[in-house]
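Each chain, written out:
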Amino acid sequence: MVIIPMFIVSCLSLYISVNSIKERIERRNTAIRNTINHSVTNFEEALLTIDELLTDGSLGVVKNNHDLRILEKANHTFEKLQILNLEGVVEYSSGEDENLGLDLSNFEFVKNAIEANGFFWSNVISSFKDQSPEIMIAKRFGSEILVGSINIEDFYSLVQGIVKNTGSKVAILDTDGNIVINILKGLDIQKDTLNFDYVYKSENQEMKKRSFLKGRDKFDVIQSYGKIDKTGWDIVIIEEGNRGFILAWDFYRHLVLGISLFTLGMIYLSHLAISRFTGDMKKLNTISEKVAAGKLPKMLKYELLESEELAYRFLLMGEVLLKREESIKEETNFLENLLEAIPNPVFYKDKNHVYLGGNKAFADYLGIEKHEIAGKTVYDVAPEDMADIYMEADDKILEAGETQVYQGQVIDSDNKTKDVKFYKSVFKNSEGEKLGIIGVMLDVTNLKEAIRTSEKKEKLLESLLYTIPLPTFYQDKDGRYINCNRAFEDIVGKKKNDILGKCHLEVWENNFTDYCNVKDKELMKEQKLQKFEYNIIDQSGEKRILVFDKTVFHNENKEVGGIIGVMSDITEIRKLQDELKKISVKDSLTGIYNRRGFEEMSNRNLKDSLRNKNNVSIIMVDIDRFKLYNDTYGHQAGDECLKEIAEKLEESCKRSMDIVARYGGEEFIILLPDTDLDGARMVAKKINKNIQDMKIEHVKSEHGEIVTVSIGVASDIPKDEKSLEKLIGLSDKMLYLAKESGRNRVEG
C-alpha cells in the first residue's frame, strides 16, 4: 500500500521535473537569443555614437584617417572604421591607406544603406587585408555611409561568453549559409558555404529542410531555432537531450529497485541528518556557555554547512559582546579616574537624598574617608540649618529636572566656614527617569576677598582712565557702554552719565552704529586685537578719521567680560598719506609697479634700447576666469590671489632690470630689456608653469580647478619712441589669441 502512493508520487515528480527541465531550457535558449540580439544592437549603438562624435566636433574630432584610428582604438568595438560616399567608394579609413578609393557598392548591405535609412549587416566576407573572415555594419548619415568592421574571432568570443556554462551549443549562419559562429567545434574560418541537411520540428509539427553543419552527433537534438532580428541570420541552439530521456526510461525499468533503495536511503539520510544536526547543536550550545563565561572558543568542525555558518555568526556575536563588555569596563574605569582627577569636590546622590558616592576631594573636604560617603545624607555631614538649605535646593532641582547654580556655605574638615558655589544637575536613565543628583562644589572664599581688593584697584584705575588723552571706553558683552574717559566724552559730545548703559545707536550716528555692531561681533568671536578706521563728523561739523584699537577683557572667572577700545585721530596723517598716494608709482594692493610706474620705468629703458639697438620684449599676463573667481570666492579672496600672482611674477623675473607691473584689474605687464623673442617665450612659459604649481583653487576653471594665466609675448628692436606702444599692442593681440585658443597657454 505504501509502494503505490510512492510510485505515483515518483511518476508525478519525474513528469514535473522533465517539464521543468524543458521550460528551463526554453527560457535559457530565449535568453541566449535575446542577449545575442542585444549585443548586435550594442554594435549599432556604438556606430551611432561614433557618428555623433564625428558630427558634433565638440571634442575636436574631425573626419580624417587619423581621427578614425583614434575613435577605433578608443571605442574597442570595431576592428576598422570607414566612411563611404553615396557611390559606395571609401573616402576615409582607420585601416590601411590602400583601402581609400575602394568601391564597396557591389555589396548588398552597402546598397541597402545608400537607398534606405537604418542599419544593414553584411554576410561573412573576406578581409581585403589578409582574407580573414569578417562582418560589416553600415548606416547612412546624411551624404555619407559609416561602415564598421567586426572581426569574426571577436564576435565568436562574445557569443562564447554568452553561452558559457549554459550547456548549450550554438551555431549562427548568415543569409548565404556561411558559418558566422560555430560553438560546436570551435571557430570555422572557411569561406565557402557548407550545405548539409538537418531536421527540426516547428510549432505546427511540419518537417522542413535547412542547411546546417556537417558531422553532428546523432544524439544531439535541435532544441531551439530562430533568427537574429537585426541581421536576418539563422541561430540554432542544440541540446544533448536524448540522454536525459533515456535516463527517465531507465528509471521506469528499474522502478521497483529504485523505490526500495530510495526508501532505505531516505531513512538512512534522515537518521544521518538528525545525528549531524544534534551534534552541531551541542557544539553551538558550547559556544553560548563559553561566551557567557567571558571566553571566546575556537571554531570547531561542523557536519552541516548551515551549522558552520551559524557557529561563525555566534562567534562574531560573542566577539562583539566580549569587546563591548571590555569597553564598558574601560569606560567605567576611565570615568572613575576622571572623577578623581577633578580637583573640586564632586558628589552624587539618589532621588531620596542619600549619597551614592563622591571623589576624594569631596571626602577630604568633609574630613571623612571616601568609602564612608555612600549611605549618608546631608544631615550626617553638615549642621542642621545648612542641611535644611541643601535639602530644599535638592527638592527644587529634582522637581524642575534642570541644572542648578547657587551660592552657600559649608563647614570644611578644619571646622571653618567656607563660601562655595554649587553646580548641580539631574542624571537620568535611558528612559528619561530621574535617578538622582550630581553636583560640584567651587570654593569662592578667596574669590570674594579678591573682589573686595579689586574694588579698591578699580577706583585707582578710574582716576588713571581720566588722565589718558586718547578717547577710551569700555563695553559689556551686550555692547552697552560701562565706562569712558573725558576725551571720549569730548569726541561724542555727551557727558558720561548720558553714555553709560547706552548702546552704539544711542551714542553715535546711525550709519556708524551698524558698522560698530558688525565689528563688535567679529571681535567677540575672534577675541584678537582689532584695528579699523572710520570717518565721523565731529561736534564742529568737520570730518574726522578715527582709528579704533579694540580688544576683549576678561572678568574674574576668565570669561569674556566685554570690549575695551582706544581711538586715535589720524585726520592730518591721512591727508599727508593721500598726497603721497597721488605721486606713488606702486600698486597699493600688490606692491608692484602700477601702470603709471610702468610707463615711467619703461620709458627710461626704451631710451637705453634705442641707444644700444637692443631687443625689448613685452609679456602681457591675464588671470583666466578671474571674474568667476571673484564671484565664487569673494573680492577679498580675489585680492589675495592678485597678491600671490604678483609675487610669483616678480620671483619668475630674476634680473633687476626686468619691470613687473599691474596693468589694470587682473592684467599684468612685464618689460624684459635686452631680451629677444625666444628668451621672452622661455620666461613666459616659466611664469605659466610657476603659477600652475601654486595650485590656487579655482573650481570654475576648465584647467584642473586651479588658477591659470594666459600670456601674450612680443619682441622687437625699437626704432623710435612709439615702438614701445606698438610692442604693447602686439603683445595684447597675442594675449587675446591665447584666450581664444583655450587659455592657460603662451602665444607669441
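Rules and cut-offs
Residues numbered from 1 in each chain as written. Predicted model: local features only at pLDDT ≥ 70, side-chain atom pairs only at ≥ 80, totals over all residues. Heavy atoms only, no water. Helix = DSSP H or I, 4+ residues; strand = E, 2+ residues; numbered from the N terminus. Buried < 20%, exposed > 50% of the residue type's maximum accessible area, 1.4 Å probe, protein only. Contact = heavy atoms within 4.5 Å. Areas by Shrake-Rupley, 256 points an atom, 1.4 Å probe, with all protein chains shown as cover. Core = buried A, V, L, I, M, F, W, Y, C linked by side-chain atoms within 4.5 Å. Patch = residues over 30% accessible without salt bridge, like charges linked within 9 Å, V, L, I, M, F, W, Y side chains within 5 Å. Salt bridge = Lys/Arg side-chain N within 4 Å of Asp/Glu carboxyl O. Lys, Arg positive; Asp, Glu negative; His and termini not counted. Charge placed at Lys NZ, Arg CZ, Asp CG, Glu CD. Pairing = 2+ DSSP bridges. Axes fitted to C-alpha atoms, helices over the stretch in contact; angles between N-to-C directions. Polar contact = N/O pair within 3.5 Å; in protein donor to acceptor, adjacent residues only side chain to side chain. Phe/Tyr/Trp six-rings, centres within 6.5 Å; stacked < 30°, edge-to-face > 60°. Lys NZ or Arg CZ within 6 Å of the ring centre and 35° of its normal. Expected span 1.5 Å × (residues − 1). Arc of directions from axis to C-beta.

(A) Quick look at the overall build of the protein. In terms of regular secondary structure, the protein is built from 20 helices and 27 strands. For the protein, with 748 residues in total, the buried portion stands at 38%. In the protein, the proportion of contacts linking residues at least 24 apart, taken out of those at least 6 apart, comes to 51%. For the protein, the exposed surface amounts to about 44400 Å²; the carbon and sulfur share of it is 53%.

(B) A look at the nonpolar core. Residues Phe 78, Phe 155 and Ile 172 are the most contacted members of the largest nonpolar core, which totals 34 residues. Among the elements that make up this core, the one with the highest residue count is helix H1 (residues 3–56) (eight residues). For Phe 78, the contacting residues outside a window of four places in its chain are Phe 43, Ala 46, Leu 47, Ile 50, Glu 72, Ile 137, Gly 148, Ser 149 and Ile 150. Formed by 26 residues, the second largest nonpolar core is a distinct cluster that contains Ile 670, Val 683, Ile 691 and Ile 696.

(C) Quick peek at unusual backbone geometry. Its identity as a non-glycine residue notwithstanding, Glu 705 has a phi of 55°, on the positive side. Position of Glu 705 among the secondary structure elements: in the loop between helix H19 (677–694) and strand S26 (709–716). Given the relative accessible area of 48%, Glu 705 is considered partly exposed. Residue Asn 744 is not a glycine yet carries a positive backbone phi of 55°.

(D) Summary view of a negative patch on the surface. Together, Glu 79, Asp 130, Glu 153 and Asp 154 make up a region of like negative charge exposed at the surface. Its place among the elements puts Glu 79 in the loop between helix H2 (65–75) and strand S1 (80–85).

(E) Quick peek at the pairing of strand S16 (residues 417–428). Sheet topology note: the strand S15 (residues 404–411)/S16 ladder contains eight bridges and is antiparallel. Bridge pairing links Gln 409 to Asp 419 in S16. Taken together, S15 and the strand that follows it, S16, pair antiparallel across an intervening segment of five residues, in which Asn 415 is found at a positive phi of about 65°. As defined by bridge partners, S16 adjoins strand S17 (residues 434–443) across nine bridges and the pair is classed as antiparallel. Bridge pairing links Lys 424 to Gly 439 in S17. Where S16 hands over to S17, the hairpin turn is made up of five residues, of which Gly 432 adopts a positive phi near 90°.

(F) A look at the pattern of salt bridges. According to the stated counting rule, one finds 23 salt bridges in the structure shown. Taking the shortest distance from any N to any O, the salt bridge between Asp 520 and Lys 550 comes out at 2.5 Å. Of the two residues, Asp 520 sits in helix H14 (residues 510–526) while Lys 550 sits in strand S21 (residues 543–554), which places them 30 residues apart along the sequence. Residue Asp 520 is classed as buried on the basis of its relative accessible area, which comes to 8%. The closest approach of N and O atoms between Arg 596 and Glu 600, which form a salt bridge, is 3.5 Å. One end of the pair, Arg 596, and the other, Glu 600, are both in helix H16 (residues 595–612), four residues apart, so they sit about a helical turn from each other. Overall, the relative accessible area of 33% leaves Glu 600 in the partly exposed class. Among the charged side chains, a network of salt bridges with common partners joins Lys 349, Asp 394 and Lys 424.

(G) Quick peek at the sheet that holds strand S13 (residues 346–350). Spatial ordering of the open sheet is given by S14-S13-S17-S16-S15, a layout of five strands whose pairing is antiparallel. A strand with exactly one partner marks an edge of an open sheet, and here the two such strands are strand S14 (355–358) and S15. Neighbour to neighbour, the strand axes of the sheet diverge by 30° on average, direction disregarded. Running over the sheet, helix H10 (residues 384–400) touches S13, S15, S16 and S17 and is turned about 160° from S15.

(H) The sheet that holds strand S20 (residues 530–537), seen in detail. With antiparallel pairing, five strands are arranged side by side in an open sheet as S19-S18-S22-S21-S20. Sheet topology places strand S19 (481–484) and S20 at the edges, where each strand pairs with a single neighbour. The sheet shows a mean angle of 25° between the axes of neighbouring strands, taken without regard to direction. Direction of pairing for strand S18 (residues 472–476) relative to strand S22 (residues 560–569): antiparallel, over a ladder of five bridges. Its bridge partner being in S22, Tyr 474 is matched across the sheet by Ile 564.

(I) Structural view of the side chain of Ser 710. Mapped onto the secondary structure, Ser 710 falls in strand S26. Looking at Ser 710, its side chain comes within polar contact range of the side chain of Asp 624, at 2.6 Å. If we ignore the near neighbours within four places in the chain, the residues touching Ser 710 are Met 620, Val 621, Asp 622, Asp 624, Leu 735, Ala 738, Lys 739, Arg 743, Asn 744 and Arg 745.

(J) Spatial organisation of a nonpolar patch on the surface. Taken together, Phe 262, Met 266, Tyr 268, Leu 269 and Leu 272 make up a surface patch of nonpolar side chains, about 500 Å² in accessible area. Mapped onto the secondary structure, Phe 262 falls in helix H6 (residues 255–292). Taking relative accessible area as the criterion, Phe 262 reaches 47% and is therefore assigned partly exposed.

(K) The packing of aromatic side chains, seen in detail. Per the stated rule, a full pass over the model turns up 18 aromatic pairs. Arranged with centres 5.3 Å apart and planes meeting at 40°, the rings of Phe 347 and Phe 362 form a pair that is tilted. On the criterion of sequence distance, the pair formed by Phe 347 in strand S13 and Phe 362 in helix H8 (residues 360–366) is long-range, its members being 15 residues apart. As far as the burial class goes, Phe 347 and Phe 362 line up, both buried. Their ring planes at 75° and their centres at 6.0 Å tell us that Tyr 474 and Phe 553 sit as a pair that is edge-to-face. A residue pair is termed long-range when its members are at least 10 positions apart, and Tyr 474 in strand S18 and Phe 553 in strand S21 qualify at 79 residues. Residue class for Phe 553 comes out partly exposed when judged on its relative accessible area of 23%. Ring pairing ties together the aromatic residues Tyr 515, Phe 532, Tyr 534 and Phe 548, which thus form one cluster. A cation sits over an aromatic face here: Lys 139 above Phe 141, 4.6 Å from the ring centre. Taking the ring centre of Phe 422 as reference, the NZ or CZ of Lys 424 above it sits at 5.4 Å.

(L) Focus on the environment of Ala 400. When you line up the elements, Ala 400 lands in helix H10. Since its relative accessible area comes to 49%, Ala 400 is described here as partly exposed. The spacing of Ala 400 and Val 426 is 26 residues in sequence and 9.1 Å in space, taken between C-alpha atoms.

(M) Seen up close, the environment of Ala 361. Tracing the backbone through its elements, the reader meets Ala 361 in helix H8. A sequence separation of 21 residues divides Ala 361 from Glu 340, and the C-alpha atoms of the two residues are 7.6 Å apart. Setting aside anything within four residues of it in sequence, one finds Ala 361 in contact with Ile 342, Pro 343, Asn 344 and Pro 345.

(N) Quick peek at H10. The first and last C-alpha atoms of H10 sit 24 Å apart over 17 residues, in line with the 24 Å expected at 1.5 Å per residue. Taken as a whole, H10 has its buried residues at Met 386, Ala 387, Tyr 390, Met 391, Ala 393, Asp 394, Ile 397 and Leu 398. Seen along its axis, H10 keeps its buried residues to an arc of 165°; they face one direction. Projecting away from the buried face of H10 at angles above 90 degrees are the exposed residues Glu 384, Asp 385, Ile 389, Lys 396 and Glu 399. Just downstream of H10 lies Gly 401, where phi reads positive at about 70°.

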